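Structural description and commentary
Next come the chains, spelled out residue by residue.
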Amino acid sequence: MNLRTRSRNHAFTLVELLVVIAIIGILVALLLPAIQAAREAARRAQCLNNLKQLGIALHNYHDALLVFPAGHTLDRTGPGYGDRFTWPVALWPYMEQDALYSQMNFRSDFGGCYTWNTPIMMTALASFQCPSDGDSEFGHACRVRNSYVSNTGIGYLRKELPAKHKPGVFQQNKFVKMRDMTDGTSTTVGISEILKVREGFDYRGTWSYPEGCHYQHDRTPNTRIPDEVRTGMCPNADANHPEAPCIETYNSHLTRRILLSARSQHPGGVQAMLMDGSTKFINQAIDTATWQALGTPFGYEVIGTF
């Protein structure tokens, strides 16, 4: 009698298949946060490096001219600059952007969209963009936005000479020297981050205009207290915006009283460049008094660990 061995082809049952899919889903769910955390760590490192390069450029500027650049110029000529020029422009020759800098017409200005400098105002340099932040372009015909803004101190930025608020490093028409910084460069913040809101005609971060390229130290990083901006520069006027709340509190550059806070997409705080050129991640839970003391170069505050 011939014996035949019958072989059976084993296939997954529906239950087994569902179990495998469930296991794969669990593994992906476990790995995804780790992947996202690794990506954010890389973006954060690049952001910190950008700020470090800005610090080097600032010190090279100071070595050459014995002053730091003004936050912006207004209604008069600074050293080589006309009206309404902002601090990022001053750093370009010290960041290998000589070709861009040489195209500038310093007899013109950055006031409107129909000047000699309009094509330059549309330039977005990678060194000024945090990889975690949004796009540079927004709903304006001739301007783009940066992720990094300069510290103007404590109090509203107004169109007044001399300024009456408690000044920071980057002021209106004021070129601060390192020796003037009596609080010390290692305990004074010069540049930090701002969020580029993705929707609308939002001026925050606009590097070529005084109402977008600065921030103040009144409120701690990532605060939920709304920024105060000009009518039309915060189109959503959303005091509950999930990323960067804002309200409109004045209606003309002549009545300017802007107040912006440092914000970022980095969980828990913001990156900052101190005026000695070092960089630091500052926790958003920092004490308000400490944060405000970090915003003034000559306030005579004693600052501990932060």
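Here's a quick rundown of the structure. Everything numeric in this text was worked out from a predicted model, so none of it was measured.

**Topic: the sheet that holds strand E6 (residues 214–215)**
Whether parallel or antiparallel, the strands of a sheet pair through hydrogen bonds between backbone atoms. Taken together, the five strands give an open sheet; going across it, the order is E6-E1-E5-E10-E11, and neighbouring strands pair in mixed fashion. Edge strands, defined here as strands with exactly one partner in the open sheet, are E6 and strand E11 (279–283). Of the strand pairs in this sheet, strand E1 (residues 148–151) and strand E5 (residues 189–193) are connected by three bridges, and their pairing is antiparallel. In the sheet register, Tyr 148 faces E5, and the bridge partner there is Glu 193.

**Thoughts on the side chain of Gln 171**
Residue position: Gln 171 is located in the loop between strand E4 (166–167) and E5. Among the polar contacts made by the side chain of Gln 171, one reaches the main-chain carbonyl oxygen of Gly 168 at a distance of 2.9 Å. For Gln 171, the contacting residues outside a window of four places in its chain are Ala 70, Gly 71, His 72, Val 176 and Phe 298.

**A few points about the state of the cysteines**
Working definition: the covalent bond between the sulfur atoms of two cysteines is a disulfide. Within this structure, the stated rule accounts for two disulfides. Residue pairing for Cys 113: its cysteine sulfur links by disulfide to Cys 142, the two sulfurs lying 2.1 Å apart. Since a negative S-S torsion denotes a left-handed disulfide, the Cys 113-Cys 142 link at about -70° is left-handed. Placement of the pair is Cys 113 in the loop between helix H3 (98–102) and helix H4 (118–121) and Cys 142 in the loop between H4 and E1, with a sequence separation of 29 residues. The disulfide bridge from Cys 234 ends at Cys 246, spanning 1.6 Å between sulfur atoms.

**Let's talk about a nonpolar patch on the surface**
Residues Leu 14, Leu 17, Leu 18 and Ile 21 make up a contiguous nonpolar surface patch of about 400 Å² in total accessible area. By the element assignment, Leu 18 lies in helix H1 (residues 14–65).

**Details of unusual backbone geometry**
With a phi close to 65°, Leu 66 is a non-glycine residue in the positive phi region. Mapped onto the elements of the fold, Leu 66 is located in the loop between H1 and helix H2 (87–91). The phi dihedral of Asn 173 falls on the positive side, at around 65°, and the residue is not glycine. In this structure, Asn 173 sits in the loop between E4 and E5. Note on Asn 173: relative accessible area 9%, which makes it buried.

Thresholds applied
Residues numbered from 1 in each chain as written. Predicted model: local features only at pLDDT ≥ 70, side-chain atom pairs only at ≥ 80, totals over all residues. Heavy atoms only, no water. Pairing = 2+ DSSP bridges. Helix = DSSP H or I, 4+ residues; strand = E, 2+ residues; numbered from the N terminus. Polar contact = N/O pair within 3.5 Å; in protein donor to acceptor, adjacent residues only side chain to side chain. Contact = heavy atoms within 4.5 Å. Disulfide = S-S within 2.5 Å. Patch = residues over 30% accessible without salt bridge, like charges linked within 9 Å, V, L, I, M, F, W, Y side chains within 5 Å. Areas by Shrake-Rupley, 256 points an atom, 1.4 Å probe, with all protein chains shown as cover. Salt bridge = Lys/Arg side-chain N within 4 Å of Asp/Glu carboxyl O. Buried < 20%, exposed > 50% of the residue type's maximum accessible area, 1.4 Å probe, protein only.

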